[in-house]
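Report on the structure
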Amino acid sequence: MLFVRMLRRVGQSPACGCWTPVLPVRFLGVSPRQIPADANFHSAFFSGTDHPRVLITGGLGQLGVGLANLLRKRFGKDNVVLSDIRKPPDHVFHSGPFIYSDILDYKNLREIVVNNRITWLFHYSALLSAIGEANVSLARAVNITGLHNILDVAAEHNLRLFVPSTIGAFGPTSPRNPTPDLCIQRPRTIYGVSKVHAELMGEYYHYRYGLDFRCLRYPGIISADSQPGGGTTDYAVQIFHDAAKHGKFECNLEARTRLPMMYIDDCLRATLEVMEAPAESLSMRTYNVSAMSFTPEELAQEVLKHVPEFQITYNVDAVRQAIADSWPMKFDDSNARKDWGWKHNFDLPELVTTMLNFHGSETRVAQAN
Ligand SMILES: NC(=O)c1ccc[n+]([C@@H]2O[C@H](COP(=O)([O-])OP(=O)(O)OC[C@H]3O[C@@H](n4cnc5c(N)ncnc54)[C@H](O)[C@@H]3O)[C@@H](O)[C@H]2O)c1
Ligand SMILES: C[C@@H](O)[C@H](N)C(=O)O
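The following paragraphs examine the structure supplied in this document. Just so we're clear, the structure is a prediction, and the values are computed from it rather than from any experiment.

The immediate surroundings of ligand 2 are formed by Leu 128, Ser 129, Thr 166, Ile 167, Tyr 191, Gly 231, Thr 232, Thr 233 and Trp 327. Within the side chain of Ser 129, an N or O atom sits 2.6 Å from an oxygen atom of ligand 2. Across the complex, the protein chains shield 93% of the 250 Å² of accessible surface that ligand 2 would expose by itself. Here the residues of the shell around ligand 2 are counted per class, giving 4 nonpolar, 5 polar and no charged.

Let's shift gears to the environment of Ser 129. With respect to the element layout, Ser 129 can be found in helix α4 (residues 129-134). Residues Ser 129 and Ile 312, spaced 183 residues apart in sequence, show a C-alpha to C-alpha distance of 24 Å.

Taken as a whole, this structure holds 12 aromatic pairs when the rule is applied. With 6.0 Å between their ring centres and 40 degrees between their planes, Phe 122 and Phe 162 make a pair best called tilted. In this pair, Phe 122 sits in strand β6 (residues 120-123) while Phe 162 sits in strand β7 (residues 160-162), placing the two residues 40 residues apart along the sequence. Where Trp 340 meets Trp 342, the ring centres are 6.3 Å apart and the plane angle is 40 degrees; that geometry is what we call tilted. Assigned by exposure class, Trp 340 and Trp 342 land together as buried.

Our focus in this paragraph is the pairing of β6. Neither face of β6 is open: one carries Trp 120 and Phe 122, the other Leu 121 and His 123, and all of them are buried. Pairing geometry for strand β3 (residues 54-57) and β6, over 4 bridges, is parallel. Across the sheet, Val 54 pairs through a bridge with Trp 120, a residue of β6. With 3 bridges connecting them, β6 and β7 associate as parallel partners. Its bridge partner being in β7, Trp 120 is matched across the sheet by Arg 160.

Let us look at the packing of helix α3 (residues 106-115) against helix α5 (residues 136-156). One way to put it is that α3 packs onto α5 with a least axis distance of 10 Å and a crossing angle of 35 degrees. Crossing handedness for the pair α3 and α5: right-handed. Taking contact as the criterion, the partners of Tyr 106, Leu 109, Arg 110 and Val 113 in α3 are, on α5, Asn 149, Ile 150, Asp 152, Val 153 and Glu 156. Here the contact of α3 with α5 is built from residues that sort into 5 nonpolar, 1 polar and 3 charged.

The rules behind the values
All residue numbers refer to position in the chain's written sequence, counted from 1. For this description, chains carry letters from A and ligands carry numbers from 1, given in the order in which they are written. Local features in a predicted model are, by the rule used here, given only for residues with pLDDT of at least 70; side-chain atom pairs are given and counted only at 80 or more, and totals for whole chains, interfaces and linings are based on all residues. Only hydrogens and water are removed before side-chain values are computed, so all heavy atoms of the structure are retained for them. We define proximity as follows: a residue is near a molecule or strand when any one of its heavy atoms falls within 4 Å of that partner. For the purposes of these results, a polar contact is taken to be a pair of N or O atoms within 3.5 Å, where, inside protein, one atom must be able to donate a hydrogen and its partner to accept one; residues adjacent in sequence count only when each atom of the pair is a side-chain atom. Only the protein chains shown count as cover for residues, and all accessible areas are computed by the Shrake-Rupley method using a 1.4 Å probe. Side-chain classes follow a simple rule in which Ala, Val, Leu, Ile, Met, Phe, Trp, Tyr, Cys and Pro form the nonpolar group, Asp, Glu, Lys and Arg form the charged group, and the remainder, Gly included, forms the polar group. The numbering of helices and of strands both runs from the N terminus, where a helix is a DSSP run of H or I of at least 4 residues and a strand a run of E of at least 2. Two rings from Phe, Tyr or Trp (for Trp, the six-membered ring) form a pair when their centres sit within 6.5 Å of each other. Planes less than 30 degrees apart are called stacked, planes more than 60 degrees apart edge-to-face, and all others tilted. Each residue's exposure class comes from its accessible area (1.4 Å probe, protein chains only) as a fraction of the maximum for that residue type: buried when under 20%, exposed when over 50%, partly exposed otherwise. DSSP bridges decide pairing: two strands pair if at least two such bridges lie between them. Axis geometry follows a simple rule: fit a line to the C-alpha atoms, using only the stretch in contact for helices, then measure angles between N-to-C directions, giving values from 0 to 180 degrees. Crossing handedness follows the turn of the near helix against the far one: under a right angle anticlockwise gives a left-handed crossing, and clockwise gives a right-handed one. The contact definition used throughout considers only heavy atoms, calling two residues in contact when any of these lie within 4.5 Å.

Here it is as structure tokens:
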């Protein structure tokens, strides 16, 4: 299929001297789709009763169902459409609108946005760091080509767009302890490269076309009722299942590998908060967000307080270890705290108690308490 993009310049903004909304328009067939020159791309206003209509892509992964639950509580069940290319389990299918959406299919994306009158888009589809290294061409397609489709559909339909980035957007030449928002970003994974690309493209679309792009760099996210999708930080989720069930865990990272981490409730709340923040409060469009930072050894010590017989052993995965060694050890998120009031609720002790309470009701955690 031939995609041709037309850039339409409509004049210069007096405030910044930059071009005011200039739109990429895709031609599918012969008729160009044009958007009124006076369209407001910076912020859509929603009153208390006029909620955003939300689409979540890649929604059946570790984070999407939790995000849908949070957004449905806030905006109403029917205003949040979850989508993925996989078949949803029964409880997800019955919990609110679900739709098939392949982000590589632009026409399908556009149909969904139009038919559901979408105004906010949370773009969660991706291949994560470890699985991306095992399948570089698919990661490149989903994480880069897919992102281009998302940016275009968001710009064409005046959506507010959230795209998560990651600690993986930094590399061995970045300052690692702490890692600030603005510094060298030369990641060595296809995942990291695609996320730096997403940050830069989103910001470019913001400054060039007025797209309301918002992005947080998440740490490794730890969740109790959803499984991670093939990342380097997955050990910090699996350890709780294994500690509660078997009283032991084999870790695929070295004992002293320090990485930034966050409990899922903090991550999803940060996501909603940055999307609801007034545009004037955002001095940047891509922010680090942080909560805690620990090593497998430190995590195991905390688990031991709840599961006295717990044992951790190490069988290091060379690919994951090399990735982890190139990532930040600690994240500097002072800009998020200053600009839109970010504040985490879960530190290591609360995280471990919460995770083991979830997994432990009929296991050795319960017996120990
Ligand atoms: N989980 C974390 O620790 C973490 C940390 C930092 C950033 N992030 C980012 O947050 C987002 C969500 O992460 P996650 O952990 O839920 O990921 P995940 O790997 O668990 O889920 C990704 C989803 O994308 C879907 N997907 C793959 N190809 C697709 C396609 N062509 N079209 C539509 N969907 C497709 C998959 O089916 C999957 O359900 C990702 O962008 C990820 O990079 C996650
Ligand atoms: C850190 C994050 O992006 C993901 N959990 C990964 O390890 O790939």
